[in-house]
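Commentary on secondary and tertiary structure
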Amino acid sequence: AASGAGSLGDALSGSVGGLEAQLDAIVRRVLASRADPAAARRLGISHVRGILLSGPPGCGKTLLARELARSLGAREPQVVNGPEILDKFVGEAEAKVRELFAPAEAEWDAAGDASALHVIILDEMDAIAKKRGSASGDASGVRDSVVNQLLSKMDGVVEAGNVLVVGLTNRPELLDEALLRPGRLEVQLKVELPDAEGRR
């Protein structure tokens, strides 16, 4: 797994410059349990289910998430912009969140550990995952209920081990703390603007 992680890190840093430290951390954490699922289960190690990438606009968060999905051999990632999920009809937004996870759950039921990895990239995540009870003007409670739906899908009753949720935000302080607990967006990385060498 270590050599696999090393070559994967090299491949990634070729396509995303200046983020080597973040790439190294992600690859180590995400690949560790997926290299040998049976051994991981025996040792009681669960898959990393979520990653949060935070940093200023234009620092490569979305590119990093897409390249990660490609390098892990995942299915084509579903990239969703946070505000797109919100809908004025009660129940619609929660249904959109469920739809994101449906293909992965279906494949997990059919193939188990042999299932390909499904990556869900939630861009501008602070739009849908603000601290519950904080959204003024949200009389319908849609935002709170979207957060609840996201939480239940990330570590719900059906434990599908083939999902990786990548949240992207430039306002991490607005996110609901429950999303940052282990088993949810447990790997949190700051993506800074690349230095001179990275830009080159």
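Up top you'll find the structure we're talking about.
Numbering of residues starts from 1 in each chain and follows the order in which that chain's sequence is written. Totals for whole chains, interfaces and linings use every residue, but because this is a predicted model, local features are given only for residues with pLDDT of at least 70 and side-chain atom pairs only at 80 or more, for both listing and counting. Side-chain measures here rest on the full set of heavy atoms in the structure, leaving out hydrogens and waters.

1. Thoughts on the overall build of the protein chain
Secondary structure follows DSSP: runs of H or I at least 4 residues long count as helices, runs of E at least 2 residues long count as strands, and numbering of each begins at the N terminus. Each helix and strand counted, the protein chain has 8 helices and 5 strands in total. Reading the protein chain from its N terminus to its C terminus gives the helix and strand order α-α-α-β-α-β-α-α-β-α-β-β-α. Accessibility here uses a 1.4 Å probe with only protein chains present; expressed as a share of the type maximum, an area under 20% marks a residue as buried, one over 50% as exposed, and anything in between as partly exposed. Scored against the burial criterion, the 200 residues of the protein chain give a buried share of 48%. By definition, residues are in contact when any of their heavy atoms lie within 4.5 Å. Here the contacts in the protein chain between residues at least 6 apart in sequence split such that 77% fall between residues at least 24 apart. Per-residue accessibility takes into account occlusion by the displayed protein chains alone, with areas from the Shrake-Rupley method and a 1.4 Å probe. When the accessible area of the protein chain is evaluated, it comes to approximately 9700 Å², of which 52% is carbon and sulfur surface.

2. Considering the pattern of salt bridges
Every case where a carboxyl oxygen of Asp or Glu lies within 4 Å of a side-chain nitrogen of Lys or Arg is listed as a salt bridge. Counting across every chain of the model gives 4 salt bridges. Among the salt bridges present, the one from Lys-153 reaches Glu-105, with a minimum N-O distance of 3.1 Å. Of this pair, Lys-153 sits in helix H7 (residues 142-154) while Glu-105 sits in helix H6 (residues 92-111), placing them 48 residues apart in sequence. A single burial state applies to Lys-153 and to Glu-105, both of which are buried.

3. Description of the sheet that holds strand E4 (residues 163-169)
Strands are treated as partners if at least two bridges between them are detected by DSSP. Strand order in the open sheet formed by 5 strands is E2-E3-E4-E1-E5, with parallel pairing between adjacent strands. Pairing within the sheet leaves two strands with one partner each, and these edge strands are strand E2 (78-81) and strand E5 (187-190). Averaged over all pairs of adjacent strands, the angle between their axes in this sheet comes to 15°, without regard to strand direction. Contacting strand E1 (50-54), E2, strand E3 (118-123) and E4, helix H4 (residues 61-71) runs over the sheet at an angle of about 170° to E4. Think of each axis as a best-fit line through the C-alpha atoms, taken over the contacting stretch in the case of a helix, with angles from 0 to 180 degrees between the N-to-C directions. Contacts from H6 reach E2, E3 and E4, with the element oriented near 165° to E3.

4. Considerations on the layout of surface pockets
Cavity and pocket criteria rest on a 1 Å grid covering protein atoms alone: a 1.4 Å probe that fits but cannot get out defines a cavity, protein on both sides within 12 Å along at least 5 of 7 lines defines an open pocket, and an atom within 4 Å of a point defines a lining residue. Grid points are joined across faces, edges and corners, and a volume is the space filled by probe spheres set on the points. Here the largest pocket is characterised by a volume of approximately 220 Å³. As for the largest pocket, its lining consists of 15 residues, and the residues nearest its centre are Arg-34, Asp-113, Ser-115, Ala-116 and Leu-117. Gly is put with the polar residues, along with every residue not named as nonpolar or charged; the nonpolar set is Ala, Val, Leu, Ile, Met, Phe, Trp, Tyr, Cys and Pro, and the charged set is Asp, Glu, Lys and Arg. For the lining of the largest pocket, a count of residues per class yields 7 nonpolar, 6 polar and 2 charged.

5. Let's talk about the nonpolar core
Formed by 26 residues in total, the largest nonpolar core has its most connected members in Ile-26, Ile-51, Leu-53, Val-119, Leu-164 and Val-166. Of all the elements in the fold, those that place two or more residues in this core are helix H2 (20-34), E1, H4, E3, E4 and E5. Ranked by residues supplied to this core, first place goes to H2 with 6 residues. In contact with Ile-26, other than residues within four places in its own chain, are Leu-31, Ile-51, Leu-53, Leu-64, Leu-68 and Leu-189. Counting 24 residues, the second largest nonpolar core, distinct from the first, contains Val-97, Ile-120, Leu-150 and Leu-179. The criterion is simple. A nonpolar core is a set of buried Ala, Val, Leu, Ile, Met, Phe, Trp, Tyr and Cys residues joined through side-chain atoms within 4.5 Å.

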